Amino acid sequence: MWWRRASGKDMPLEPDDPAQGKGGSAGTPVADTRALRVAGRLHAFNRYELKYLVPVERAAGIRDEMAERMDRDPHSPVGGYGVWSLYYDTPQLRFYWEKIDGLRFRRKLRVRHYGDLDGVTDASPVCVEIKQRVNRVTQKRRITLPYATARQLCDGRQLIERAPDEDAFVQEVLELVVRLNLRPTAITGYQREALVGRDADTGVRVTFDRRIRGRDRDFHLGTPDVENRFTVPPHLSVLEIKVNERTPYWITDLAARRNLNLVRVSKYVQTIEAYGLAPRSVFHVGEDEPAAHAPEHESPRQPATPQMPRTPRLSQKPQQNLTLEA
């Protein structure tokens, strides 16, 4: 599948895009949970997401078993590819607290780059994305832009050149940034391997994310020699199953046989809490070994002074009862 840039040059879709589905409005939530395909640089899709925490040494066996019934994503080389996301939030961390409080409708804004950060320039393609949750359905809408143009929109708070079908989404991004006074808040990064369904399972996507890390400063994606801290213990990986409708029976059976338990884990939340920007919640993955909170390289730095907003309502609920992905 391909998309056409404004220059007229055909380029492949970003590797996290699902299979093409029926079209719909890119500016508003829709009831159909199948993937949506919008012409041009703008893409939108809805799906259910299930997450599991899996030790890295077990993840390889699970991946190999799934690979017997799925195909490797053509954009996912052996060893996977890098995914880096810059998250925007309010000074009071509104999006963070919406996640902690488990609001049925919540959203967040991020700029995402696929691949290594070495050599990121103003011309490098990135996705400006609004990810939102409507009840149990995850909805994503995004536009692929040169990095400089994305910064002009999200950091410079300026309208950018856009096609008519992109106008509503670009206006929504700008309105969010200005009205809520959004600012760069955290960067997350990880190495991802991906499988895609075949035959009757077309539309199913499974990802394995490892070496999950983040930072709370140095927000330009092209900044060299930055310090990232592991925000999930490095011996753990996040297995994510993404489906448009029902989870295939054989995946449910595999999860039961391998004793996998659904968890609610957010890479953005992990980064916010790892750097002391907010109190740790029931969504926090425990740091059970020193490497879990040590930086990737260089000497450790003290976390930022914690902000102490109101106590989240969900903080009193037993963690084992929280089984739906957010």
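Summary of the structure given here.

The rules we used
- Residues numbered from 1 in each chain as written.
- Predicted model: local features only at pLDDT ≥ 70, side-chain atom pairs only at ≥ 80, totals over all residues.
- Heavy atoms only, no water.
- Core = buried A, V, L, I, M, F, W, Y, C linked by side-chain atoms within 4.5 Å.
- Buried < 20%, exposed > 50% of the residue type's maximum accessible area, 1.4 Å probe, protein only.
- Helix = DSSP H or I, 4+ residues; strand = E, 2+ residues; numbered from the N terminus.
- Contact = heavy atoms within 4.5 Å.
- Salt bridge = Lys/Arg side-chain N within 4 Å of Asp/Glu carboxyl O.
- Phe/Tyr/Trp six-rings, centres within 6.5 Å; stacked < 30°, edge-to-face > 60°.
- Lys NZ or Arg CZ within 6 Å of the ring centre and 35° of its normal.
- Expected span 1.5 Å × (residues − 1).
- Arc of directions from axis to C-beta.
- Pairing = 2+ DSSP bridges.
- Polar contact = N/O pair within 3.5 Å; in protein donor to acceptor, adjacent residues only side chain to side chain.

## What to know about the nonpolar core
Membership of the largest hydrophobic core comes to 29 residues, with the highest contact counts inside it found for L109, V128, L153, C154, V173 and L182. When contributions to this core are tallied by element, the ones reaching two or more residues are β6 (81-89), β7 (105-114), β8 (125-134), β9 (137-146), α3 (147-154) and α4 (167-180). A total of seven residues in this core trace back to one element, the largest contributor, which is α4. Residues within four places of L109 in sequence aside, it is in contact with L86, Y87, Y88, F95, V128, E129, I130, C154, V173, V177 and L182. Core analysis: the second largest hydrophobic core is formed by 19 residues, V54, A59, M66 and A255 among them.

## As for the pattern of salt bridges
Enumeration according to the criterion identifies 24 salt bridges in this entry. Put simply, R72 and E193 hold a salt bridge, and the shortest N to O gap is 3.8 Å. With R72 in strand β5 (residues 70-72) and E193 in strand β10 (residues 183-197), the pair connects residues that are 121 residues apart, well separated along the chain. Taking relative accessible area as the criterion, R72 reaches 37% and is therefore assigned partly exposed. For R210, the salt bridge is made with E193, and the minimal N-O distance between the two is 3.3 Å. Highlighted residues: R210 in strand β11 (residues 205-215) and E193 in strand β10, separated in sequence by 17 residues.

## Re the packing of aromatic side chains
Applying the stated criterion across every chain, the model contains three aromatic pairs. Sitting over the ring of Y275, R229 keeps its end group 4.3 Å from the ring centre.

## Considering the environment of R72
Along the sequence, R72 and A194 sit 122 residues apart, while their C-alpha atoms lie 6.3 Å from each other. Sequence-distant contacts of R72, that is, excluding residues within four places in its chain, are made with P77, V78, E193, A194 and L195.

## A few points about helix α1 (residues 56-67)
Helical geometry: 3.6 residues make up each α-helical turn, so side chains three or four residues apart lie on a common side. Helix length check: α1, at twelve residues, gives a terminal C-alpha distance of 17 Å against a target of 16 Å (1.5 Å per residue), a fit within 8%. Among the residues of α1, those classed as buried are A59, I62 and M66. Down the axis of α1, the smallest arc covering the buried residues is 70°, so these residues share one side. Check the buried side of α1 and you find it contacts β4 (42-55), β5, β10, β11, β13 (236-243) and α5 (249-257).

## Points about unusual backbone geometry
The phi angle at N135 is positive, at roughly 55°, despite the residue not being glycine. One can find N135 in the loop between β8 and β9. Positive phi, close to 50°, is recorded for R211, a residue that is not glycine. Mapped onto the fold, R211 is located in strand β11.

## Focus: the pairing of β9
For β9, a buried count of nine out of ten residues is recorded, marking the element as mostly surrounded by other parts of the structure. Bridge count for β4 against β9 is six bridges, and the pairing is antiparallel. Residue pairing for β9: F45 is matched across the bridge by K140. Following β8, the chain reverses through two residues before pairing antiparallel with β9; N135 in that reversal takes a positive phi of roughly 55°.

## Focus: the pairing of β4
With twelve of 14 residues buried, β4 is to be regarded as a mostly interior element. With eight bridges connecting them, β4 and β13 associate as antiparallel partners. Bridge pairing links Y48 to V243 in β13.

## Some points on the side chain of Q139
Among the secondary structure elements, Q139 is positioned in strand β9. Overall, Q139 belongs to the buried group, its relative accessible area being 5%. There is a polar contact of 2.8 Å between the side chain of Q139 and the side chain of Q132.

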